[in-house]
Amino acid sequence: MDQELRKAREHHVGRIIHMLSHQLKRRGTMPEVEMGLTPMQKHVLTFILFETMERDLYQRDIEEEFRIRRSTASGILQLMEKNGFIYRKSVARDARLKQIIPTEKAEKLRMDILANVQEMEKKLTGGIPKEDLEVCLRVLQKMICNLSDDKQVK
């Protein structure tokens with residue numbers, strides 16, 4: 001029975017994902033400079049820096065991307081604004097809507113973050129055939145869907 005439990009533990013999907021997540025958090029994508037940001041704020045800033053290259057970004061986009069509550073997103077954004085990484089600008093069509101804009105301080109980090117993300121992706125996917133990666137991504141998206149409230153894979 002001990003061997004059966006050990007085998008079940010080794011193949012426990014949640015445990016393996018947790019271990020991978022922990023490794024990713026330890027390595028991070030931000031340059032190794034103390035910025036006064038929590039790991040979650042660093043993830044959000046990375047998202048902001050890349051998404052604002054393509055489109056306007058709002059708090060609800062942060063809520064959806066990270067699957068967090070409005071109050072959590074608001075707190076993260078307030079601290080990032082206080083630390084000088086973003087500012088929020090009212091939108092002409094709806095004064096309640098605030099566009100999230102990275103500051104010059106944040107913009108200076110973009111290329112280093114991009115290089116770190118590319119290096120991490122290379123390490124993560126090294127030696128794994130493209131077909132296996134595609135299956136892995138589909139399975140991970142389905143797992144996210146299984147655990148989410150909205151049950152939609154994005």
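This report concerns the structure included in the present document. Just so you know, these numbers come straight off a predicted model, no measurement behind them.

Conventions and cut-offs
Residues numbered from 1 in each chain as written. Predicted model: local features only at pLDDT ≥ 70, side-chain atom pairs only at ≥ 80, totals over all residues. Heavy atoms only, no water. Helix = DSSP H or I, 4+ residues; strand = E, 2+ residues; numbered from the N terminus. Buried < 20%, exposed > 50% of the residue type's maximum accessible area, 1.4 Å probe, protein only. Contact = heavy atoms within 4.5 Å. Areas by Shrake-Rupley, 256 points an atom, 1.4 Å probe, with all protein chains shown as cover. Expected span 1.5 Å × (residues − 1). Phe/Tyr/Trp six-rings, centres within 6.5 Å; stacked < 30°, edge-to-face > 60°. Lys NZ or Arg CZ within 6 Å of the ring centre and 35° of its normal. Patch = residues over 30% accessible without salt bridge, like charges linked within 9 Å, V, L, I, M, F, W, Y side chains within 5 Å. Salt bridge = Lys/Arg side-chain N within 4 Å of Asp/Glu carboxyl O. Core = buried A, V, L, I, M, F, W, Y, C linked by side-chain atoms within 4.5 Å.

Overview of the overall build of the protein chain
Right, so step 1: Scanning the protein chain from N- to C-terminus turns up eight helices and two strands.
Right, so step 2: In sequence order, the protein chain lays out its α and β elements as α-α-α-α-α-β-β-α-α-α.
Right, so step 3: The 154 residues of the protein chain split such that 25% are buried.
Right, so step 4: Across the protein chain, contacts joining residues at least 24 apart in sequence account for 51% of those joining residues at least 6 apart.
Right, so step 5: For the protein chain, the computed accessible surface area is about 11400 Å², with 54% contributed by carbon and sulfur atoms.

Description of the side chain of glutamine 99
Right, so step 1: The residue glutamine 99 is located in strand 2 (residues 94–102) in this model.
Right, so step 2: A relative accessible area of 14% means that glutamine 99 is categorised as buried.
Right, so step 3: Residues in contact with glutamine 99, not counting those within four places in the same chain, are Asp56, Leu57, Tyr58, Tyr87, Arg88, Lys89 and Val91.

What to know about helix 3 (residues 39–51)
Right, so step 1: Compared with an ideal rise of 1.5 Å per residue, which puts 13 residues at 18 Å, helix 3 spans 18 Å between its outermost C-alpha atoms and is within 8% of the ideal.
Right, so step 2: When we look at burial in helix 3, the residues that qualify are Gln41, Val44, Leu45, Thr46, Phe47, Ile48 and Leu49.
Right, so step 3: Looking at the packing, one finds that the buried side of helix 3 touches helix 4 (59–66), helix 5 (70–82), strand 1 (86–91), strand 2, helix 6 (104–107) and helix 7 (110–125).

Structural notes on the packing of aromatic side chains
Right, so step 1: Applying the stated criterion across every chain yields a total of one aromatic pair.
Right, so step 2: Each ring, one from phenylalanine 47 and one from phenylalanine 66, has its centre 5.6 Å from the other, and the planes form 85°; the classification is edge-to-face. One end of the pair, phenylalanine 47, is in helix 3; the other, phenylalanine 66, is in helix 4, with 19 residues separating them in the sequence.
Right, so step 3: A cation sits over an aromatic face here: lysine 105 above phenylalanine 85, 4.4 Å from the ring centre.

So, a nonpolar patch on the surface
Right, so step 1: Side chains of Val13, Ile17, Leu137 and Leu140 sit close together on the surface and give an oily, nonpolar patch of about 320 Å² of accessible area.
Right, so step 2: In this fold, isoleucine 17 is placed in helix 2 (residues 13–27).

Some remarks on the pattern of salt bridges
Right, so step 1: In this structure the tally under the stated criterion is six salt bridges.
Right, so step 2: The salt bridge involving glutamate 51 is made with arginine 55; its shortest N-O contact spans 2.8 Å.
Right, so step 3: A salt bridge links aspartate 94 to arginine 96, with the nearest nitrogen and oxygen atoms 3.1 Å apart.
Right, so step 4: Aspartate 94 gets classed as partly exposed once you look at its relative accessible area, which sits at 22%.

Describing the nonpolar core
Right, so step 1: Judged by nonpolar contacts, the single largest core of 20 residues is most densely connected at Leu45, Ile48, Ile62, Leu77 and Met80.
Right, so step 2: Within the residue set of this core, elements represented by two or more residues are helix 3 and helix 5.
Right, so step 3: The greatest single-element share of this core, amounting to five residues, is contributed by helix 3.

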